[in-house]
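Fold and contact review
One-letter residues, chain by chain:
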Amino acid sequence: MSRQPLRPRRLRATAALRSLVAETHLAPEQLVWPAFVVPGRDRLEPIASLPRVARRSVDLLLPELERALELGIRSVMLFGVVGEDAKDAVGSAASAPDGPVPEALRAARAAFGDDLVLMTDVCLCGYTDHGHCGILAPPRPGGSHARVLDGPTLPRLAAMAVRHADAGADVVAPSDMMDGRVAAIREGLDDAGHDGVAILSYAVKYASAFYGPFRDAAGSSPHGGIDGHPAPSDRRSYQMDPRNAREAAIEVALDEAEGADLLLVKPALPYLDVVARVRALSDRPIVAYQVSGEYAMLEAAAEAGALDRAAAVRESLTAIRRAGADLVLSYHALEAVAQGWLR
Ligand code: PBG
């Protein structure tokens, strides 16, 4: 055998050697668990496109949060889901003090004190009767589709964030992609005496096909319209174009300047180049969201016997961390820790 000065395989020989030189680690506290919460009691609603993920009323959510804490997961991201009868054109229910999210926040704070970091999604799409993330206006003169406006949306997002902060949120996470919302939410929180509540901005959020199952879960697919004008059936006028990576730098710079404490990139696996780019641009903590479609894809492949579920989930989560994410938001979080998939 020829003499080779460096043989990388020497350090791959045993599991002990491999873990000694591993560059990336995945710990339970680096996972955030996304949870859907519905009004009422004793409600556990499976989601067809997301196997083993359910919408829960607060009473059934609390035991899951306790399990998360026992597993070493320290944070949850709450998404509120309300019935169609509670929705209107401007998403009024988003800032109702007795909505499912404020109710869950109060109950979780009472049950777990400061042990669990309580994060909330801030967006109107689950509360508007047209499913868009902002307020609609008629088309431009001669235009065919209603527009989604920043202006009237910002105060509603700020009010929603304040309501969540009132109920005990540690972190509010605007996912709407309206321009200027981080500044509007920061001002709203500060004016309401919540200057200690942090903002996790969905700074780099793409208009992605991988959100499909989430929209089933949250009943938030864009549809309908205003004054007889149809609304767009997608979110491409506010979420980012998948063809663009440099544009991420613009979003990051704006959200940092507006006061975002943490930054989020989503989806995760198809956008690892963007995660790495944002890592290089920012010293803020970076969260990557392994979204519903990523989860559904892994589950379908595992169910079909095409992939080893544990290994594929571990590898996906590790790749997201390796690309530069500090934290990963994942529907697999609880199961991955409980089943030992991270090791
Ligand atoms: C709300 C929101 C969405 C997701 C998180 N927050 C859906 C969307 O933008 O349509 C998607 C998360 C997932 O797919 O898991 N704006």
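Everything below is about the structure printed above this text.
What you see is a predicted model; the values in this text were computed from it and never measured.

Observations regarding the pairing of strand S4 (residues 75–80)
Among the six residues in S4, six count as buried, and that is most of the element. Judged by which residues are buried, S4 turns out to be covered on both faces: Ser75, Met77 and Phe79 on one side and Val76, Leu78 and Gly80 on the other are all buried. Sheet analysis places strand S1 (residues 31–38) next to S4, joined by six bridges and oriented parallel. When the bridges of S4 are listed, Trp33 appears paired with Val76. Relative to strand S5 (residues 117–122), S4 runs parallel, the two sharing four bridges. Bridged to Ser75 within S5 is Val117. Between the parallel pair S4 and S5, the chain is carried across by helix H3 (residues 100–112), and the sense of this crossover is right-handed.

A closer look at the site of the ligand
Inspection of the region around the ligand gives 18 residues, with Lys205, Arg215, Lys266, Ser292 and Tyr331 positioned closest. Within the side chain of Lys205, one N or O atom sits 2.7 Å away from an oxygen atom of the ligand. In this structure, an oxygen atom belonging to the ligand sits 2.5 Å away from a side-chain N or O atom of Tyr331. Surface burial for the ligand is 100%, taken as the share of its 400 Å² of free accessible area covered by protein chains. Each residue belonging to the shell around the ligand can be placed in one class, and the counts come to ten nonpolar, three polar and five charged.

Basis of the calculations
- Residues numbered from 1 in each chain as written.
- Predicted model: local features only at pLDDT ≥ 70, side-chain atom pairs only at ≥ 80, totals over all residues.
- Heavy atoms only, no water.
- Buried < 20%, exposed > 50% of the residue type's maximum accessible area, 1.4 Å probe, protein only.
- Helix = DSSP H or I, 4+ residues; strand = E, 2+ residues; numbered from the N terminus.
- Pairing = 2+ DSSP bridges.
- Right-handed = clockwise from strand over helix to strand, strands pointing away.
- Near = heavy atom within 4 Å.
- Polar contact = N/O pair within 3.5 Å; in protein donor to acceptor, adjacent residues only side chain to side chain.
- Areas by Shrake-Rupley, 256 points an atom, 1.4 Å probe, with all protein chains shown as cover.
- Nonpolar A, V, L, I, M, F, W, Y, C, P; charged D, E, K, R; others polar.

Any link to function would need more than the numbers given here.
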